[in-house]
Amino acid sequence: MKNLLLALITLFAVNSSHSQWWSEGDDDIGADGSSANYDVLQVLWADENYEKLLKMAERFTMKDATKNDPEPYLWLARSLYAMSKDENYTMQDKYKKAYNDALSWLSKYYKKAAKAEPHVLEPLIAYHQTFFIEIKRSLYEQIETEIMSDNYAKALGLVSKMPKVTPDNFAKDFLAG
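The rules behind the values
Residues numbered from 1 in each chain as written. Predicted model: local features only at pLDDT ≥ 70, side-chain atom pairs only at ≥ 80, totals over all residues. Heavy atoms only, no water. Helix = DSSP H or I, 4+ residues; strand = E, 2+ residues; numbered from the N terminus. Buried < 20%, exposed > 50% of the residue type's maximum accessible area, 1.4 Å probe, protein only. Contact = heavy atoms within 4.5 Å. Axes fitted to C-alpha atoms, helices over the stretch in contact; angles between N-to-C directions. Parallel < 35°, antiparallel > 145°, perpendicular 65-115°, else oblique. Left-handed = near helix turned anticlockwise from the far one by under 90°. Nonpolar A, V, L, I, M, F, W, Y, C, P; charged D, E, K, R; others polar. Core = buried A, V, L, I, M, F, W, Y, C linked by side-chain atoms within 4.5 Å. Patch = residues over 30% accessible without salt bridge, like charges linked within 9 Å, V, L, I, M, F, W, Y side chains within 5 Å. Areas by Shrake-Rupley, 256 points an atom, 1.4 Å probe, with all protein chains shown as cover. Salt bridge = Lys/Arg side-chain N within 4 Å of Asp/Glu carboxyl O. Lys, Arg positive; Asp, Glu negative; His and termini not counted. Charge placed at Lys NZ, Arg CZ, Asp CG, Glu CD. Phe/Tyr/Trp six-rings, centres within 6.5 Å; stacked < 30°, edge-to-face > 60°. Lys NZ or Arg CZ within 6 Å of the ring centre and 35° of its normal.

Brief notes about the side chain of His128
- Tracing the backbone through its elements, the reader meets His128 in the loop between α8 (118–127) and α9 (129–148).
- Since its relative accessible area comes to 0%, His128 is described here as buried.
- Excluding residues that lie within four positions of it along the chain, His128 makes contacts with Leu74, Trp75 and Arg78.

Below is the structure:
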């Protein structure tokens, strides 16, 4: 009887602590659903725990209350981009296309951001400004590399992704070099 009670208490404690992160943001969601608490994602980023960051951010994109917020999509893109630069991840089959996946999630971020309120986006853009610059630069460099190595088909594929990941001024940036 004592063991059964101990097992039930342990099971309850594990379940409640496991789902705690999920409910933490619920109290912080505003009427427009755009002010969820994403601090846990920022902490995982600082700890360079990219795999856990991916899982948690993806859960935010599936949750009804936060699936229209742009921020988790940005964290997904950012973590995949960081993983794409690390051989420890790119050697694994599931992360071989981390760079392309990062571009895909960034495209989804821009779609969600187009519908978001400016007061939500301004601090987000300011905080991630270096990421936006870095990923644009890497895309331009990768296109240039493919052109220099006469791999025009791959370069064209990358160019077709540019409006999705740099919708603000991709043509002007590309033509300016």
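Still to come is the rest of the account.
Let's talk about the packing of helix α5 (residues 71–84) against helix α7 (residues 98–114)
- Interhelical geometry of α5 versus α7 gives an angle of 160° and a closest axis separation of 8 Å. Judged by the angle between their axes, α5 and α7 are roughly antiparallel. Between α5 and α7 the crossing geometry is left-handed. Judged by residue contacts, Tyr73, Leu74, Leu76, Ala77, Leu80, Tyr81, Met83 and Ser84 of α5 engage Ala98, Tyr99, Asp101, Ala102, Trp105, Leu106, Lys108, Tyr109 and Lys112 from α7.
- Looking at the contact of α5 with α7 residue by residue, the classes come out as 13 nonpolar, one polar and three charged.

Concerning the nonpolar core
- In this structure, Leu41, Leu106, Tyr109, Phe131 and Leu139 are the most contacted members of the largest nonpolar core, which totals 41 residues.
- Sequence-distant contacts of Leu106, that is, excluding residues within four places in its chain, are made with Leu74, Ala77, Phe131, Phe132, Ile135 and Val165.

Notes on a positive patch on the surface
- Side chains of Lys108, Lys111, Lys115 and Lys164 sit close together on the surface and give a patch of like positive charge.
- Relative to the elements of secondary structure, Lys164 occurs in helix α10 (residues 152–165).
- Accessibility expressed as a relative area gives 52% for Lys164, which makes it exposed.

Quick look at the pattern of salt bridges
- Per the stated rule, a full pass over the model turns up four salt bridges.
- Between Lys94 and Glu51 there is a salt bridge whose closest N-O contact spans 3.7 Å. A residue pair is termed long-range when its members are at least 10 positions apart, and Lys94 in the loop between α6 (87–90) and α7 and Glu51 in helix α4 (residues 50–62) qualify at 43 residues.
- Given the relative accessible area of 26%, Glu51 is considered partly exposed.
- Notably, a salt bridge pairs Lys67 with Asp64, separated by 3.5 Å at the nearest N-O pair.
- Judged by relative accessible area, which is 33%, Lys67 ranks as partly exposed.

Some points on the packing of aromatic side chains
- Taken as a whole and judged by the stated rule, the model has 13 aromatic pairs.
- For the ring pair Tyr110 and Phe132, a centre distance of 6.2 Å and an interplane angle of 40° mean the geometry is tilted. Here the residue Tyr110 occupies a position in helix α7, and Phe132 occupies one in helix α9, the gap between them amounting to 22 residues.
- Using a relative accessible area of 6% as the deciding quantity, one classes Phe132 as buried.
- The ring of Trp105 carries the charged tip of Lys108 above its face, separated from the ring centre by 4.3 Å.

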